[in-house]
Amino acid sequence: MSAPAGRIPRWVDVALIPLVNIALAFLVSGVILWFIDVDPLLAVEIILYGAFGYDVAIGYTLYYTTNFVFTGLAVAVAFHAGLFNIGGEGQAYIGGLGVGLGILAMDPYLPFIVILPLSILFSAAFGAAWAAIPAYLQAYRGSHIVITTIMFNFIAAALMVYLMVNVLIEPGSMSPESREFAPNGHLPFMHEMLGWFGLAMTPSPLNLSVVWAVVCCFLVWAFIWHTRWGYEIRTVGANETAAVYAGIDPRKVTMLAMCLSGALAGFVGINEVMGVHHRLLLNFTAGYGFTGIAVALMGRNHPFGIVLASLLFGMLYQGGAELAFEEPKVTREMVVTIQGLVILFSGALAYMMKGPIERAYLRLAGANRRLLGQEG
Amino acid sequence: MADFLLNLLLSFDATLRVATPLVFCAMAGLFSERSGIIDISLEGKMLAAAFAAASTAAVTGSAWLALGAGISVSVVLALLHGFACITHRGDQVVSGVAINILVSGLTVVLGIAWFARGGQTPSVGADARFTPIKLPGAEALADVPVVGALYSELLSGHNLLVYVAFAMVPLTWWVVHRTRFGLRLRAVGENPGAVDTAGISVAFLRYRAVLCAGVLCGFAGTYLSIAQNASFVREMTAGQGYIALAALIFGKWRPVPAMLACLMFGFLDAVAIRLQGVVVPVIGPMPVQLIQALPYVLTVVLLAGFIGRAVAPKAIGVPYVKER
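Residues numbered from 1 in each chain as written. Chains lettered and ligands numbered in written order. Predicted model: local features only at pLDDT ≥ 70, side-chain atom pairs only at ≥ 80, totals over all residues.

**Student:** What is the right way to read the overall build of chain B from this model?
**Tutor:** For chain B, the helix and strand inventory stands at 13 helices and four strands. Relative to the globule expectation of 20 Å for 324 residues, the C-alpha radius of gyration of chain B, 20 Å, shows essentially globular dimensions. If you line up chain B on its principal axes, its C-alpha atoms span 70 × 50 × 40 Å. (Helix = DSSP H or I, 4+ residues; strand = E, 2+ residues; numbered from the N terminus. Rg over C-alpha atoms; globule rule 2.2 N^0.38 Å.)

The structure is reproduced here in structure tokens:
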């Protein structure tokens, strides 16, 4: 069915087919908007202005983007090892718990400069630990990682409700939230940091963690493509049997990839708990873990693609909120719908357009060659 | 003592109501997964059916049309899942996740566009719902000790779909274990190559399997929105599709054990509310969240092989590539 490899140039596979898939997802989204009597082109205009039109909007867009970079990288690292980590949501939740517990314990004693690296460490450790159990069960007990990570999402949610309602709640408070962190446990907001240099920016939730997201992209890129462990991860993902013959232990690789994945998901806690809310609370992950699946599929599991896909989803989240404000018929859930369509077309139906596009390319290329042949 | 027994009886009664959608979904998952197609999308199909049924009931006022709408929408999604996983050999888990996320967004978007009630559908009256049925002789037998209470309190007084759900279990068992279709269904989930060699279409068999799953999830969703409740509420499935999946695994992909697991998880849910604030010796106040998380924890423990062993159908999750 598919054309012989080698004759299809790389850009068709890497850029054209994914773009066609995403275009299909947006086309269907447009049809849905049209179906509920909203002008899709006007909606695009509102979303674009709402996401990039003014400085607060850009701040919000990048703040959402930060979360998606973390969860997208998390899903991608697991994908490289051939594992589907559907548990980013739970790992992010528990990662946030790690950050919160750490700061609640440290903020009376330690300065910010010590708290920051320790918090990053805590979020990574908690997220990784939450991923390590399903990883261990997959590697050594043969239980399916998709099912166990789904179960761990629910267990994480139940655990957090229990802890917030019974243990960590601020005494005398009505809502299940911990006490607010002292200022040395806050990650500085972007508008504050720009203020140090005399630049003015309207306050938005964008904070220092966006820098950490960029750093993580580089680290993941270097790790996956330029270290021995990354090579082992990719080998196991590509062909587990071959990996075994090459002397790689797939069980250890599973553990490594999942722990890394969980740690990356846990960094959502840095952005949300340390950067924005400054306290532990319920449901701060708000589905970012699931969006990470769409981001990773759309970004083809490469950090560069993930940044682009995260920006797109950041734009949709922020612009979508704006759209919901402008158009009473549209709600924020439209973004969730688009997300589902993106996963459907770039993930589940990824091969649907591959055959037709490759055949069309070969026909065009062949016609070109014959044309050139006749002229020469 | 009599008080305790009555409480227990009421808990069992609630268990049947809570377990009904789980039983439908577990049987749906059984058809799909026994044929080798992972079905994460039980949740999404059920949610879509719940929305379709509630909308139809609100507009037409007919419970039967609503049931038809619920089943149709669920079947369309099942076919989409099949189209992605069987025809295009896409990743079955990814496809399931896509359907779940798509539905959780789309039901709210359409709900607000059509009814403008924050994602809820209008409540429907009794004639547009499946209402409790009194089994014959329930009142006459009510005063008979033990048997009467069991019959009139526990068995009688549920709506039609509850009885349909529990009738589905022997039916599923019979179809999967006693018919030619069932034999082939199980074979295609274990060794599709052998089925193909015998001249039977793997794709057609698997399509029929996901179709069965679609119909059953349609029942589950309809039950949620117009039998157990009177309207659709956003995210009203609240993870029950995943619990059903857990029950299916817990029942080792067999109908009767899966139903028993559904009943157990339903019972945990029913008593969780009653146990709120109850002080247990040693532990102290009973954390309700622990009981709520118990189905998930138990499933993980089972999957880990610490209590028995759950072995999935061999070819599950692997797209079938016909040699050419």
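**Student:** So what exactly am I meant to see when it comes to the overall build of chain A here?
**Tutor:** Within chain A one finds 16 helices and zero strands. A compact globule built from 376 residues should have a C-alpha radius of gyration of about 21 Å, and chain A, at 23 Å, falls within 12% of that. The buried share among the 376 residues of chain A stands at 53%. Within chain A, residue pairs in contact and separated by at least 24 positions form 76% of the contacts whose partners lie at least 6 positions apart. (Buried ≥ 20, exposed ≤ 12 C-beta atoms within 10 Å, placed from the backbone. Contact = placed C-beta atoms within 7 Å.)

**Student:** How do you make sense of the interface of chain A and chain B when you look at a structure like this?
**Tutor:** Interfaces are often sized by the amount of accessible area the parts lose when they come together. In this assembly, 38 residues from chain A lie in contact with 36 residues from chain B. When contributions to the side of chain A that touches chain B are tallied by element, the ones reaching two or more residues are α5 (112-141), α6 (145-167), α13 (288-298) and α15 (333-348) of chain A. Here the residues of the side of chain A that touches chain B sort into 26 nonpolar, nine polar and three charged. (Nonpolar A, V, L, I, M, F, W, Y, C, P; charged D, E, K, R; others polar.)

**Student:** Would you mind going over helix α12 (residues 268-277) of chain A with me for this structure?
**Tutor:** Residues spaced three or four apart along an α-helix face the same direction, because each turn holds 3.6 residues. Residues and elements named next belong to chain A. In terms of residue burial, α12 counts as a mostly covered element, since nine of its ten residues are buried. When α12 is considered as a whole, its buried residues turn out to be Val-268, Gly-269, Ile-270, Asn-271, Glu-272, Val-273, Met-274, Gly-275 and Val-276. For α12, the secondary structure elements touched by its buried residues are α3 (55-80), α4 (88-106), α5, α8 (209-226), α11 (250-266) and α13. Phi turns positive, to about 60 degrees, at His-278, one or two residues after α12.

**Student:** Just checking my understanding: could you explain the nonpolar core for this structure?
**Tutor:** Soluble globular proteins tend to pack their nonpolar side chains together in the buried interior. Grouped together as the largest cluster of nonpolar side chains are 228 residues, with contacts concentrated most on Phe-24, Ala-26, Ala-247 and Cys-262 of chain B. Ignoring sequence-local partners within four residues, the contact set of Phe-24 of chain B consists of Ala-165, Met-168, Leu-216, Cys-217, Phe-219, Ala-220 and Tyr-223 of chain B. (Core = buried A, V, L, I, M, F, W, Y, C linked by C-beta atoms within 7 Å.)

**Student:** Would you mind going over the packing of helix α3 (residues 63-87) of chain B against helix α10 (residues 202-228) of chain B with me for this structure?
**Tutor:** Each pair of packed helices can be summarised by the angle the axes make with each other and by the distance between the axes. Residues and elements named next belong to chain B. The N-to-C vectors of α3 and α10 enclose an angle of 145 degrees; their axes lie 7 Å apart at closest approach. With respect to the hand of their crossing, α3 and α10 are arranged in right-handed fashion. The residue inventory of the contact of α3 with α10, partitioned by class, reads 17 nonpolar, eight polar and one charged. (Axes fitted to C-alpha atoms, helices over the stretch in contact; angles between N-to-C directions. Left-handed = near helix turned anticlockwise from the far one by under 90°.)

**Student:** Even after reading the chapter, I still don't get the packing of helix α2 (residues 42-60) of chain B against α3 of chain B, so can you show me in this structure?
**Tutor:** Residue and element names in this part refer to chain B. Their axes nearest at 7 Å, the elements α2 and α3 cross at an angle of 150 degrees. Taken together, the axis directions place α2 and α3 in an arrangement best described as roughly antiparallel. When the axes of α2 and α3 are compared, the crossing they make is right-handed. Two secondary-structure elements touch here, α2 through Gly-44, Lys-45, Ala-48, Ala-49, Ala-50, Ala-52, Ala-53, Thr-56, Ala-57 and Thr-60 and α3 through Ala-63, Leu-65, Ala-66, Leu-67, Ala-69, Gly-70, Ile-71, Val-73, Ser-74, Leu-77 and Ala-78. (Parallel < 35°, antiparallel > 145°, perpendicular 65-115°, else oblique.)

**Student:** Looking at this model, I keep getting lost on unusual backbone geometry. Mind explaining?
**Tutor:** Residues other than glycine predominantly adopt negative phi, and peptide bonds predominantly adopt the trans conformation. Residues and elements named next belong to chain A. At Ala-286, a position not held by glycine, the phi torsion is positive, near 45 degrees. Within the secondary structure, Ala-286 sits in the loop between α12 and α13. Of the residues examined, Ala-286 has 15 C-beta atoms within 10 Å and is grouped as partly exposed. A positive phi is found at Asn-301, a non-glycine position, where the angle reads about 60 degrees. Residue position: Asn-301 is located in the loop between α13 and α14 (303-326).

**Student:** I'm lost on the environment of Leu-80 of chain B in this one. Help?
**Tutor:** Residue and element names in this part refer to chain B. Position of Leu-80 relative to the elements: it lies in helix α3. Residue Leu-80 is classed as buried on the basis of its 21 C-beta neighbours within 10 Å. Through-space distance from the C-alpha of Leu-80 to that of Ile-99 is 8.6 Å; in sequence the pair is 19 residues apart.

Taken by themselves, the reported measurements are silent on function.
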